[in-house]
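# Inside the fold
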Amino acid sequence: MTNPNIDILGNLLREKLAEQPWVKRYANTVTSAVGFLVALVWLLVSVGVDLPAEVTSGVLLLVSALTMVGVKFTPNGVTEKQVDEIEAYVGRHRSDG
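## As for the overall build of the protein chain
Looking only at helices and strands, the protein chain features 5 helices and 0 strands. When its helices and strands are written in sequence order, the protein chain yields α-α-α-α-α. Within the protein chain, the fraction of its 97 residues that count as buried is 21%. For the protein chain, contacts bridging at least 24 residues in sequence account for 83% of all contacts bridging at least 6. For the protein chain, the exposed surface amounts to about 7,200 Å²; the carbon and sulfur share of it is 67%.

Here you go:
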């Protein structure tokens, strides 16, 4: 017999998952991709401009650090894996009654 609490919680989380935009679900991945693209553009621009290697490297390091800070402060939404893990946890720690 299934636990009705698990079903209710699972349904609520799956509704939340379905309602949120994909950008919210993968916010940290999007933040990392933006950081990568900024670094790539900088690298391509810096190849065509006569700059000291220290400046080129310093800007790449700064872009990497800012990307890391962006990932730290960008909250992800609800993911399929989280819903599955919560359902499994509740199922292990709750009795039918």
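## A word on helix α4 (residues 53-73)
The end-to-end C-alpha distance of α4 is 30 Å, a good match for the 30 Å that 21 residues give at a rise of 1.5 Å each. Residues T56, V63 and T67 constitute the buried set of α4. The buried residues of α4 occupy one face: seen down the axis, they fall within an arc of 35°. When the buried face of α4 is taken as reference, the exposed residues oriented beyond 90 degrees from it are E54, L61, L62, M68, K72 and F73. Contacts made by the buried residues of α4 are with α3 (27-48).

## Things to note about the confidence of the model for the protein chain
On average, residues of the protein chain carry a pLDDT of 85, and 89% of them reach 70 or more. Within the protein chain, no element has a lower average pLDDT than helix α1 (residues 4-19), which sits at 78, and none a higher one than α4, at 95.

## A short note on the pattern of salt bridges
This structure, assessed with the given rule, holds 2 salt bridges. Between E80 and R14 there is a salt bridge; the shortest N-O distance is 2.6 Å. One end of the pair, E80, is in helix α5 (residues 80-93); the other, R14, is in helix α1, with 66 residues separating them in the sequence. Overall, the relative accessible area of 39% leaves E80 in the partly exposed class. Classification of R14 as partly exposed rests on a relative accessible area of 29%.

## Remarks on the environment of T29
Its place among the elements puts T29 in helix α3. Taking the C-alpha atoms as reference points, T29 and T74, 45 residues apart in sequence, are found 9.8 Å from one another.

## What to know about the packing of α3 against α4
Put simply, α3 and α4 touch, their axes get as near as 9 Å, and they point 170° apart. As far as their axial angle goes, α4 and α3 are roughly antiparallel. On α4, the residues touching N28, T31, S32, G35, V38, A39, W42, L43 and S46 of α3 are V55, T56, V59, L60, V63, T67, G70 and V71. Tallied by class, the residues present in the contact of α3 with α4 amount to 9 nonpolar, 8 polar and no charged.

What counts, and at which threshold
Within each chain, residue numbers correspond to sequence positions counted from 1 in written order. Thresholds applied to this predicted model are a pLDDT of at least 70 for local features of residues and 80 or more for the giving and counting of side-chain atom pairs; totals over whole chains, interfaces and linings are not thresholded and use all residues. Values shown for side chains rest on all heavy atoms present in the structure; no hydrogens or waters enter the calculation. Secondary structure follows DSSP: runs of H or I at least 4 residues long count as helices, runs of E at least 2 residues long count as strands, and numbering of each begins at the N terminus. The cut-offs for exposure are 20% and 50% of the maximum accessible area for each residue type, with area from a 1.4 Å probe on protein chains only; residues under the lower value are buried, those over the upper are exposed, and the others partly exposed. Any two residues having at least one pair of non-hydrogen atoms within 4.5 Å are treated as being in contact. Only the protein chains shown count as covering a residue, and every accessible area follows the Shrake-Rupley method with a 1.4 Å probe. To estimate the expected span of a helix, count its residues, drop one, and scale the result by 1.5 Å. Relevant arc is that of directions from the helix axis to the C-beta atoms, nothing else. Within a predicted model, pLDDT stands for the predictor's per-residue confidence, ranging from 0 to 100. A side-chain nitrogen of Lys or Arg and a carboxyl oxygen of Asp or Glu constitute a salt bridge if their distance falls within 4 Å. For every element, the axis is a line fit to its C-alpha atoms; helices are fit only across the contacting stretch, and the angle between N-to-C directions ranges from 0 to 180 degrees. For this classification, under 35 degrees means roughly parallel, over 145 means roughly antiparallel, 65 to 115 means roughly perpendicular, and everything else is oblique. Side-chain classes are defined by residue name, with Ala, Val, Leu, Ile, Met, Phe, Trp, Tyr, Cys and Pro counting as nonpolar, Asp, Glu, Lys and Arg as charged, and the others, Gly among them, as polar.

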